[in-house]
Amino acid sequence: MSCPLKQKKYILSIDQGTSSTKTLIVDGQGRVLARASEPLATSYGENGFVEQDPEAILQNVLDSVKACLAVFEQNGFSRNELAACGISNQRETFVVWDQKGQPLHPAIVWQCKRSVEICGELKGLGLEETVSRKTGLLIDPYFSATKLTWLCRNNADIKKAIEAGQAFFGTVDTWLLYRLTGGQQYRTDHTNASRTLLFNLHTLQWDRELVEAFGLQGIHLPAIQPSSSLFGETSFEGLLEEPLPVAAMIGDSHAAAFGEGCFEPGTAKATLGTGCSVLMDIGSEPVPSHRGMVTTICWSVPGRVDYALEGVIVSCGATIDWLKNELGLVNNSGDIEAMATAVQDNGGVYLIPAFSGLGSPHWQMDRKAAIAGLSFGSTKNHIARAALESIAYQVKDVIAAMEQDAGLELKELMVNGGITANRFVLQFLADLLDRNIVTGHLPDVSALGAAFLAGLHTGQYKSIDELKQLKAGKTAVLPDKENETIQNCYAGWQQHIAVK
């Protein structure tokens, strides 16, 4: 495949997410020159089934790319100036298809819970230790392989195709690549492979013992390569006159970590949205977690693989939504910051946001939410403040567990997501962690990370050291060294969280 010409200097980047596909075009300084987004439908069925139409996912990407190219040209650029494409994708969601690229079943989304019983069965067989040691993950419906096992057991056509060696498995990145290259390329990267329960973190290859343990003998699995490398070429079904190199593929949370600048051990990112994903770079060796984290690949480039610990927090922004929609304590989410700062402290009030259980590092999925410490002196402002403080406390719990697991100290925490607009949360988190909280102003940080990785391969960015210098729009919230009471507040949280 030919190398891009030097005048081809811009990167097209696609972030195919659960609810939409976002597309960016960025320059050599990481500046966004064009942006577009197209919504994607999801089907929620009975028994916890969550599915998407694989053809609709592909069309969603094409529509988003087409819209972004239109904006790009309206802004005075030419699509012939594009050097490469990067793709980030919703993790764990997968498709099964035949050699012609025809889906054999709807895509099964990461949220789907259909394999709960199979997970229980596998645990009963004593596979937990083996799976954890090899993959860094838990046996849980969240990850792909148990749901693929469910398909094999419950769909006779898929079972037949797998046993006959005629079924192709892939996460969304692989599905898109296969179709966009006309079936010529069947590949994935280390990060997406590491979310399937079939990938060995130590060999960086598919683990045949696990494939057999999950009853999936005969399934085709894609070739695995670094996140920043050449995966193939595509014209996006004629949207471009010449094929564009696909020079990066990476899972969306990992792409966000790279886009935020998690380039060395001890750097971490937290996506503060409805829930929260915290990802910390731990360096060149996988570290098993004994405190409720999972071990995964952070990102990879040729000759270098960085591992990560990941913690999942179930309720962050969802807690604010509950106060607004169910209790009516706030008129809109923006009011809650003013309510929190209207009182000097939380008045001894703590909100345990276990509306859907507690995730990392506690993993108390059957726990219920609670408000503790109420008195006649408590006001709705205290409850609002307790809700916001609970976000910071949960992040602190995860970071503390990661530091102990990895033997590292957090250097700084990069944050993104809707809650970053709340200055109270950011300052409280900086004070609690006693670390800088770094935030940018670009909402599409996963797409930016995929663009950086693609540009590394094609030479738009010379090195990771050069990427470190791209400070576009980033600001730091510094800890208040005079805030001496905050650790007492956290001690109160720890007391309440210990009471089940």
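What you see is a predicted model; the values in this text were computed from it and never measured. (Residues numbered from 1 in each chain as written. Predicted model: local features only at pLDDT ≥ 70, side-chain atom pairs only at ≥ 80, totals over all residues. Heavy atoms only, no water.)

K.L.:
Is there a simple way to think about the overall build of the chain in this case?
P.N.:
Along its length, the chain carries 16 helices and 24 strands. Over its C-alpha atoms the chain spans a radius of gyration of 23 Å, differing by no more than 12% from the 23 Å that the globule rule assigns to 500 residues. A buried classification covers 58% of the 500 residues belonging to the chain. Look at the contacts in the chain between residues 6 or more apart in sequence, and 71% of them connect residues 24 or more apart. Split by element, the accessible area of the chain, about 19,900 Å² in all, is 49% carbon and sulfur. Once the 41 positive and 55 negative side-chain charges of the chain are each reduced to a mean point, those two points are 1 Å apart. (Helix = DSSP H or I, 4+ residues; strand = E, 2+ residues; numbered from the N terminus. Rg over C-alpha atoms; globule rule 2.2 N^0.38 Å. Buried < 20%, exposed > 50% of the residue type's maximum accessible area, 1.4 Å probe, protein only. Contact = heavy atoms within 4.5 Å. Areas by Shrake-Rupley, 256 points an atom, 1.4 Å probe, with all protein chains shown as cover. Lys, Arg positive; Asp, Glu negative; His and termini not counted. Charge placed at Lys NZ, Arg CZ, Asp CG, Glu CD.)

K.L.:
Whenever I open this one, a nonpolar patch on the surface confuses me. Can you help?
P.N.:
Taken together, the side chains of L138, W363 and M365 make up a nonpolar region of the molecular surface, amounting to roughly 280 Å² of accessible area. With respect to the helices, strands and loops of the structure, W363 is situated in the loop between β20 (350-352) and β21 (370-372). By relative accessible area, W363 is classed as partly exposed at 36%. (Patch = residues over 30% accessible without salt bridge, like charges linked within 9 Å, V, L, I, M, F, W, Y side chains within 5 Å. Salt bridge = Lys/Arg side-chain N within 4 Å of Asp/Glu carboxyl O.)

K.L.:
Just to check I follow, could you spell out the packing of helix α13 (residues 423-433) against helix α16 (residues 486-497) for this structure?
P.N.:
The angle between the axes and the distance between the axes are what describe a pair of packed helices. It is the contact of α13 with α16, at a shortest axis distance of 9 Å, that shows an interaxial angle of 90 degrees. If you check the angle between α13 and α16, you find them roughly perpendicular. Between α13 and α16, the contacting residues are F428, D431 and L432 on the first element and I486, Q487 and Y490 on the second. Here the residues of the contact of α13 with α16 are counted per class, giving four nonpolar, one polar and one charged. (Axes fitted to C-alpha atoms, helices over the stretch in contact; angles between N-to-C directions. Parallel < 35°, antiparallel > 145°, perpendicular 65-115°, else oblique. Nonpolar A, V, L, I, M, F, W, Y, C, P; charged D, E, K, R; others polar.)

K.L.:
Looking at this model, I keep getting lost on the sheet that holds strand β16 (residues 267-272). Mind explaining?
P.N.:
Strand pairing within a sheet occurs via backbone hydrogen bonds; the two strands may be parallel or antiparallel. One open sheet holds the seven strands; their spatial order is β18-β19-β17-β16-β22-β23-β24, and the pairing between them is mixed. What marks the edges here is a single partner per strand, and that holds for β18 (294-301) and β24 (475-477). Strand-to-strand, the axes of this sheet are offset by a mean angle of 30 degrees, without reference to chain direction. Pairing of strand β22 (residues 412-416) with strand β23 (residues 437-439) involves three bridges; the strand directions are parallel. Bridged to L413 within β23 is I437. Across the sheet, helix α9 (residues 252-260) touches β16, β17 (276-283), β18, β19 (304-313) and β22, and the angle it forms with β18 is around 60 degrees. (Pairing = 2+ DSSP bridges.)

K.L.:
Help me understand the sheet that holds strand β14 (residues 228-234), please; the structure alone is not making it clear to me.
P.N.:
The six strands lie next to each other as β3-β2-β1-β6-β15-β14, forming an open sheet whose pairing is mixed. On the outer flanks of this sheet lie β3 (32-39) and β14, each paired with one strand and no other. The average undirected angle you get between the axes of adjacent strands in this sheet is 25 degrees. Where strand β1 (residues 10-16) and strand β6 (residues 82-89) come together, seven bridges link them in parallel fashion.

K.L.:
Explanation requested: the environment of R35 in the structure shown.
P.N.:
You can see R35 is positioned in strand β3. Assessed through its relative accessible area of 38%, R35 is described here as partly exposed. Taking the C-alpha atoms as reference, R35 lies 8.2 Å from A67; in sequence the two are 32 residues apart. When sequence neighbours within four positions are dropped, the list of residues in contact with R35 reads T23, L24, C68, V71, L442, P443 and D444. A distance of 2.7 Å separates polar atoms of two side chains, one belonging to R35 and the other to D444. (Polar contact = N/O pair within 3.5 Å; in protein donor to acceptor, adjacent residues only side chain to side chain.)

K.L.:
Explain the pairing of β22 here, please?
P.N.:
Put simply, side chains in a regular strand alternate between the two faces of the sheet. Among the five residues that make up β22, four are buried, leaving the element largely enclosed by the rest of the structure. Bridge count between β16 and β22: five bridges; the pairing is parallel. Looking at β22, one finds that T267 is bridged to E412. Since β22 and β23 lie parallel, the crossover through α13 that links them has a hand, and here it is right-handed. (Right-handed = clockwise from strand over helix to strand, strands pointing away.)

K.L.:
In this structure, what is going on with the state of the cysteines? I would like to understand it.
P.N.:
By definition, a disulfide links two cysteine residues through a covalent bond between their sulfur atoms. A full pass over the atoms with the stated rule returns zero disulfides. C119 forms no disulfide, and the closest cysteine sulfur to it belongs to C112, at a distance of 11 Å. Residue C489 stays outside any disulfide, its sulfur separated by 18 Å from that of C316, the closest cysteine. (Disulfide = S-S within 2.5 Å.)

K.L.:
Mind showing me how you'd approach the packing of aromatic side chains here?
P.N.:
The description of an aromatic ring pair rests on the distance of the ring centres and on the angle between the ring planes. In total, this model carries 24 aromatic pairs according to the counting rule given. Measuring from centroid to centroid gives 5.6 Å for Y393 and F428, while their planes differ by 75 degrees, and the two rings are edge-to-face. Here Y393 is found in helix α12 (residues 380-406), whereas its partner F428 is found in helix α13, with 35 residues between them in sequence. Residues Y393 and F428 agree in their burial class; the two are buried. Note on F452 and Y461: the rings are 5.3 Å apart at their centroids and 80 degrees apart in plane angle, and the pair reads as edge-to-face. Assessed through its relative accessible area of 5%, F452 is described here as buried. Among the aromatic side chains, those forming a connected cluster through ring pairs are Y350, Y393, F424, F428, Y490 and W493. Taking the ring centre of F49 as reference, the NZ or CZ of R114 above it sits at 4.0 Å. (Phe/Tyr/Trp six-rings, centres within 6.5 Å; stacked < 30°, edge-to-face > 60°. Lys NZ or Arg CZ within 6 Å of the ring centre and 35° of its normal.)

K.L.:
Teacher, can you tell me more about the nonpolar core here?
P.N.:
One broad rule of soluble globular proteins: the nonpolar side chains tend to lie buried together. Formed by 100 residues in total, the largest nonpolar core has its most connected members in L198, I219, I399, L413 and I437. Among the elements that make up this core, the one with the highest residue count is α12 (14 residues). Non-local contacts of I219, meaning those with residues more than four positions away in its chain, are made with L148, I162, A167, F169 and V211. The next biggest cluster of nonpolar side chains, apart from the first, holds 37 residues, and it includes A36, V65, L177 and V246. (Core = buried A, V, L, I, M, F, W, Y, C linked by side-chain atoms within 4.5 Å.)

K.L.:
It is not clear to me how the pattern of salt bridges should be interpreted in this structure. Could you clarify?
P.N.:
Opposite charge on two side chains permits them to pair, given that their charged atoms come into close proximity. Tallied over the full model, the rule gives 23 salt bridges. In this structure, the salt-bridge partner of E242 is K8, at a minimum N-O distance of 3.0 Å. Of this pair, E242 sits in the loop between β14 and β15 (244-251) while K8 is found in the segment before β1, placing the two residues 234 residues apart along the sequence. Classification of E242 as partly exposed rests on a relative accessible area of 48%. Residue K8 is classed as buried on the basis of its relative accessible area of 15%. In this structure, R195 and E310 form a salt bridge, with 2.8 Å as the shortest nitrogen-oxygen distance. Residue R195 is found in the loop between α7 (190-193) and β11 (199-200), and its partner E310 is found in strand β19; the two are separated by 115 residues along the sequence. Exposure class is identical for R195 and E310. Each is buried. Through salt bridges with shared partners, one network takes in R91, E92, R195, D252 and E310.

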